[in-house]
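An overview of the molecular structure
Okay, here's what each chain looks like letter by letter:
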Amino acid sequence: NAGVTQTPKFQVLKTGQSMTLQCAQDMNHNSMYWYRQDPGMGLRLIYYSASEGTTDKGEVPNGYNVSRLNKREFSLRLESAAPSQTSVYFCASSDFSGVGTEAFFGQGTRLTVV
Amino acid sequence: DAKTTQPPSMDCAEGRAANLPCNHSTISGNEYVYWYRQIHSQGPQYIIHGLKNNETNEMASLIITEDRKSSTLILPHATLRDTAVYYCIVRVAHSGGSNYKLTFGKGTLLTVNP
């Protein structure tokens, strides 16, 4: 049982390049999330998907797009990377069903835009 | 959404109890209090959650005041490996649905000293 798997773990991009961060979970969770974490800061929600087929903006969605490919996979795309998007990106999944279950996080993708 | 307030940092001696406070004075009746921790930029890890009763598991205890406006996470015998950023989070409901997102603040950096 791998939990939440993110790829790649590290990436360096040049300004203007595009890339997709991949996330997959094997816990049959309905909800998935993308967060970013800047140095010395807490996690900020970029986008989330409450269930397969739906996506919603979080606190900092500008410059990003997401795709909920199926129940397992939720990808985050940077169309034209900017230095301000240098950050650590975390994917999470959960199955909140009104009884207070927890979210599980991946180990992060460390992205540097130069 | 209810916001949380935590001290930015705390110290604790190894083997002693660590008591981490959290203020959530605007919490509403159906919102849970969650605690997560993040060790050295790894993905956040769930610790415990509660609604209004005190809770205990193998990792920690959660004490929620009767008015639910604040809570305390207790690590009964802190070890060096408990050094981490601890996040107190109030779970908010996605509008109209039964799925929830987690909004993180900056948390408390707990340093356990030998």
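Everything here concerns the structure above.
Described below are features of the structure shown in this document. (Residues numbered from 1 in each chain as written. Chains lettered and ligands numbered in written order. Predicted model: local features only at pLDDT ≥ 70, side-chain atom pairs only at ≥ 80, totals over all residues. Heavy atoms only, no water.)

**Thoughts on the sheet that holds strand β1 (residues 4-7) of chain A**
All names here are of chain A. Cut-off, in case you're wondering: When DSSP locates at least two bridges between a pair of strands, those strands are taken to pair. By the criteria applied, helices consist of DSSP H or I runs no shorter than four residues and strands consist of E runs no shorter than two, each listed in order from the N terminus. Helix axes are fitted only over the stretch in contact, all axes being lines through C-alpha atoms; the angle between N-to-C directions runs from 0 to 180 degrees.
Taken together, the four strands give an open sheet; going across it, the order is β1-β3-β8-β7, and neighbouring strands pair in antiparallel fashion. Edge positions in the sheet fall to β1 and β7 (64-68), since each has one partner strand and no second. Taken over all neighbouring pairs, the strand axes of this sheet differ in orientation by 15° on average, direction set aside. Of the pairings in the sheet, the one linking β1 to strand β3 (residues 19-25) comprises four bridges and is antiparallel in character. The residue bridging V4 from the neighbouring strand is Q25, located in β3.

**Examining the packing of aromatic side chains**
For clarity, the cut-off: In this scheme Phe, Tyr and Trp rings, the latter by its six-membered ring, pair at centre separations within 6.5 Å, and the angle between planes marks the pair as stacked below 30 degrees, edge-to-face above 60, and tilted otherwise. Only protein chains enter the accessibility calculation, which uses a 1.4 Å probe. A residue is then buried if its area is under 20% of the maximum for its type, exposed if over 50%, and partly exposed in between.
Considering all chains together, one arrives at 13 aromatic pairs over all chains under this definition. Seen in terms of ring centroids, Y34 of chain B and Y36 of chain B are 6.3 Å apart; in terms of plane orientation they differ by 20°. Their pairing is stacked. You can call Y34 of chain B buried: its relative accessible area is 0%. A relative accessible area of 0% places Y36 of chain B in the buried class. A connected cluster of aromatic rings, assembled from ring pairs, spans Y33, Y35, Y48 and F105 of chain A together with Y32, Y34, Y36, Y46, Y87 and F104 of chain B.

**Considering the environment of H77 of chain B**
Residues and elements named next belong to chain B. Just so we agree on the cut-off: By definition in these notes, contact holds between two residues if any of their heavy atoms fall within 4.5 Å.
Inspection of the secondary structure assignment puts H77 in the loop between β7 (70-75) and β8 (84-90). Spatially, the C-alpha atom of H77 lies 5.0 Å from that of R16, the residues being 61 residues apart in sequence. Once residues lying within four places of it in the same chain are set aside, the contact partners of H77 are G15, R16 and D82.

**Describing the state of the cysteines**
All names here are of chain B. Threshold: Two cysteine sulfurs form what is called a disulfide whenever their separation falls within 2.5 Å.
Summed over all chains, the structure comprises two disulfides over all chains. Paired by a disulfide, C22 and C88 hold their sulfur atoms 2.1 Å apart. With the S-S bond torsion at -80°, the cross-link from C22 to C88 turns out left-handed. Of the two residues, C22 sits in strand β2 (residues 18-23) while C88 sits in strand β8, which places them 66 residues apart along the sequence. Assessed through its relative accessible area of 0%, C88 is described here as buried.

**Here we look at the pattern of salt bridges**
Rule in force here: Salt bridges are defined as contacts in which a side-chain nitrogen from Lys or Arg sits within 4 Å of a carboxyl oxygen from Asp or Glu.
Enumeration over the complete set of coordinates arrives at four salt bridges over all chains. Between E79 of chain A and R77 of chain A there is a salt bridge, with its nearest N and O atoms 3.1 Å apart. Here E79 of chain A falls in the partly exposed class, since its relative accessible area comes to 43%. We classify R77 of chain A as partly exposed; its relative accessible area is 29%. Between R37 of chain B and D82 of chain B there is a salt bridge; the shortest N-O distance is 2.8 Å.

**Quick look at the nonpolar core**
Residue and element names in this part refer to chain B. Defined as follows: Put simply, buried Ala, Val, Leu, Ile, Met, Phe, Trp, Tyr and Cys residues joined by side-chain atoms within 4.5 Å make one nonpolar core.
With 21 residues, the main nonpolar core has W35, L73, Y86 and L110 as its most contacted residues. Put simply, the parts of the chain that give this core at least two residues each are β2, β3 (33-38), β4 (45-50), β6 (61-64), β7, β8 and β11 (108-113). The leading source of residues in this core is β8, at four residues. When residues no more than four places from it in sequence are discounted, the contact partners of L110 are M10, D11, C12, A18, L20, L75, D82, T83, A84 and Y86.

**Considerations on unusual backbone geometry**
Here the amide bond leading from T7 of chain A into P8 of chain A is cis, since omega sits at -10°, within 30 degrees of zero. Tracing the sequence through the fold places P8 of chain A in the loop between β1 and β2 (10-13). With a phi angle near 60°, N28 of chain A is a residue other than glycine that sits in the positive phi range. Looking at the element boundaries, N28 of chain A is found in the loop between β3 and β4 (31-37). Classification of N28 of chain A as exposed rests on a relative accessible area of 53%. Its identity is not glycine, yet R68 of chain B carries a phi of approximately 65°, on the positive side. The residue R68 of chain B is located in the loop between β6 and β7 in this model.

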